[in-house]
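Working through the structure, step by step
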Amino acid sequence: MSGEPAVDANSATLDGKDPGRVLVFDTTLRDGEQAPGFSMSRAQKLRMAGALADLGVDILEAGFPHASDDDFASVRTIAAKVRGPRICGLARCQQGDIESVARAIEPADKGRIHIFLATSPLHREFKLQMSRQQVIDAAVAGVQHAQRYCDDIEFSAEDAIRTEPEFLAEVFSAAIEAGATTVNVPDTVGYTTPLEIAERFAWLRANVRGADRAVFSSHCHDDLGMAVANSLAAISAGARQVECTINGIGERAGNAALEELVMALHVRGDLFPDLHTGIRTQRLHATARLLSQITGQPIPRNKAVVGENAFAHESGIHQHGMLKHRGTYEIMRAEDVGVKKTELVLGKHSGRHALRERLSILGHDPDDAALDEIFTRFKTLADKKREVFDADIEAMAVGRDPDAAGPWHLGHLHATSHFGSSASASVRLTHDDGHEVSEAAIGDGPIDAVLRAVSRAVGHDFSVNEFQIRALSEGGDAQGQAAISVIHQGRELRGQSVSTDIVEAAAHAILEIANRIEHFTVVEPPARSAIAR
Ligand code: KIV
Ligand code: ZN
C-alpha cells in the first residue's frame, strides 16, 4: 500500500467521541481457550484476565457462560474482580444463553452481551435448517431479549464472509434496528483475503441501515495465514473493533494475533493515520509469555513480535548494519513491546531485591507475601543449578495452578529405567483428608511407569492425549517442563509442571490433572436479575 492513506475515519465508535480509536476486543479466554491444548482453569483465566486488563484491552470476552457451569463461574469471577475492560460473554441466539450471560456479567462495571447466529447459506441449510426470514427473526428476537439486561449488545453473523452480502446487510440492519450497538463480521473459517474483506466492509457500511449507529467489527481466523492482514484491511475500510487473541491462539489455525495487529497499526502509522488503540505495547511481551506459561504451550521462536528470535540479529551483515544504524534491520524496538535485554543472570548469591527487580522487568509484580514464596523457591532452585534464567523466574512467578493444588500431593517418588527392559516406578500420595496411598507400576520408560502408578493410586484411568517435555532454558541442568493433556469424560484436562527432574515434573503434571478431576464443582448460578442498563 502506498500513496493515499488507506483509512476511512468516518465510522462509528463505541461512544461516538473518538473516530480514531480502534477498539481491541480480546477473545483469548473464549475463542482462544476453546482450542485444543489451551484450556485453562478458573484461577488461570482470572490471572490472564488481570493481565489483559493491564495490557489495556477495551473488551474482554471472558467465556461462553451457558456452555458449562465452570464457564459460567469463570465469567462471573472475572466480571466481579477485573476492572478496566468491558466484560463480555458469548451467547447463541437463545433466551437461556442470553440470560446466562446477563447473570454472569452482572457484577461487571461495564458489560456486553455478544450474540451470534450463523447466516451463510451452508449454515442455514445444513446446520440451522432455517430460512432467511427465520434467521432475521431470530436475530431480532435475540437482540431484543438481550436489551432487557444490557445496553451494550454485539451481534455476530457467524460465517458472515460466506454470506450473500445483500442478505448480510438485511440481517445487520435488522439487528441494529433492534438495538445492537456492534455488528461483527466473522471470517469464521479463515477464507477471505485482504482485498475482498476491505470491499465487503466498505459495501456493508454503505448499505446497512443505521450503519452510523453501530461499530463495525472484524473477527478473522487464520486458516490461510491471513487473519492479521485481513483484520488490517477491514480497519482500512472502516472497522473500528478488531477481535483477536494473544499469540493468535484460537479455533483450528487460530485467530488474528493481538500483538501483531497492534504493532502493525503502531509501526505503520503512515498507512493508518490518526488511528490508535489503547494497548500498552510495553506489556505485550509479558502478556504473551504469561499465556504460554499458563497453558504450557511454547511461543514459536520465530513468532512475529513476541517470539524469541523476533529481535535477534545473528548474521554478520545484519549486525554490521545494526551497529551503523538500528533502522537498517529493525522496524520496531524490542523495548516497545516490553523486551528488556539484560546481561544479568541470577544465581545462588542473588538476593531478594535482585529477584524483585528481575520479576518486575519480566512484567510480574508480586506482593510481599508472594515474593517471599517465590524467593524460597528461587533459593532451592539456585542450589540445584548454577544459573537461574528468565524462563526459570517466569515459571516460578506463575507457579502452580491454585485450582489444582490438592487434595492429592506427592509424598514420595522413585523411578528407575534399565536399558533393554521395562522401567518401574513407585509413588506415595497423600490426600488432604489425611489418608495415604502407595502404588507401583512398570511402564514403557520411567515417565510412563509414573503415570501408571499415579493413575492407580488416585483411581482414575487417564487416556493421555498429548504429552510434551521441553527444556525451559539452556544448559544441561536446565529445568524441564512437562505438559500433559488427557480426555476425561469428554473434556480435555491439562496439567503441567516444571522441575530440574523431568520425571518429577511429569508426576506433578499428572497429579494436577487428578486434582482437577476432584475439583469438578457444580456452581449454582446466582438468582436472575437484570444488570445495570
Ligand atoms: O468465528 C466465529 O464465527 C466466532 C463467532 C462466535 C464470533 O467465533
Ligand atoms: Zn471465531
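To start, this report covers the structure provided alongside it. Quick caveat: nothing in here was measured; it's all calculated off a predicted structure. (Residues numbered from 1 in each chain as written. Chains lettered and ligands numbered in written order. Predicted model: local features only at pLDDT ≥ 70, side-chain atom pairs only at ≥ 80, totals over all residues. Heavy atoms only, no water.)

1. Notes on the side chain of K303
Locating K303 in the fold gives a position in the loop between α11 (284-295) and α12 (316-324). Those residues in contact with K303, other than ones at most four positions away along the chain, are N247, A257, E259, E260 and A310. (Helix = DSSP H or I, 4+ residues; strand = E, 2+ residues; numbered from the N terminus. Contact = heavy atoms within 4.5 Å.)

2. A closer look at the layout of surface pockets
Roughly 1300 Å³ of internal volume is contained in the largest pocket. Every element with two or more residues in the lining of the largest pocket is listed here: α11, α13 (352-361), α15 (390-398) and β12 (463-471). If one sorts the elements of the lining of the largest pocket by residue count, α11 sits on top with five residues. Here the residues of the lining of the largest pocket sort into 18 nonpolar, 11 polar and 13 charged. One number sums up the size of the second largest pocket: a volume of about 1100 Å³. Lining of the second largest pocket is provided by 42 residues; of these, A395, M396, A397, V398 and G399 occupy positions nearest its centre. Breaking the lining of the second largest pocket down by element, the ones donating at least two residues are α2 (42-55), α11, α14 (368-384), α15, β14 (491-499) and α17 (502-519). With seven residues, the single largest contributor to the lining of the second largest pocket is α14. Residues of the lining of the second largest pocket, tallied by class, amount to 16 nonpolar, 13 polar and 13 charged. (1 Å grid on protein atoms, 1.4 Å probe; cavity = no way out; pocket = protein on both sides within 12 Å on 5 of 7 lines; lining within 4 Å. Points joined across faces, edges and corners; volume = space filled by probe spheres on them. Nonpolar A, V, L, I, M, F, W, Y, C, P; charged D, E, K, R; others polar.)

3. Comments concerning the coordination of the zinc ion (ligand 2)
The protein atoms that coordinate the zinc ion (ligand 2) are D31 (OD), H219 (NE2) and H221 (NE2), at distances of 2.0 to 2.1 Å. Sequence positions of the donors to the zinc ion (ligand 2) reduce to the motif D-x187-H-x1-H. You can see D31 sitting in helix α1 (residues 28-32) and its partner H219 sitting in strand β7 (residues 215-220), a full 188 residues away along the chain. (Donors = N, O, S within 2.8 Å, 3.2 Å for Na, K, Ca; no water.)

4. Some points on the sheet that holds strand β5 (residues 153-158)
One closed barrel holds the eight strands; their spatial order is β1-β2-β3-β4-β5-β6-β7-β8, and the pairing between them is parallel. Neighbour to neighbour, the strand axes of the sheet diverge by 25° on average, direction disregarded. Judged from the four bridges that link them, strand β2 (residues 59-63) and strand β3 (residues 86-92) form a sheet pairing that is parallel. Bridge pairing in β3 links I59 to R86. Across the sheet, helix α6 (residues 132-147) is in contact with β4 (111-118) and β5; its angle to β4 comes to roughly 170°. (Pairing = 2+ DSSP bridges. Axes fitted to C-alpha atoms, helices over the stretch in contact; angles between N-to-C directions.)

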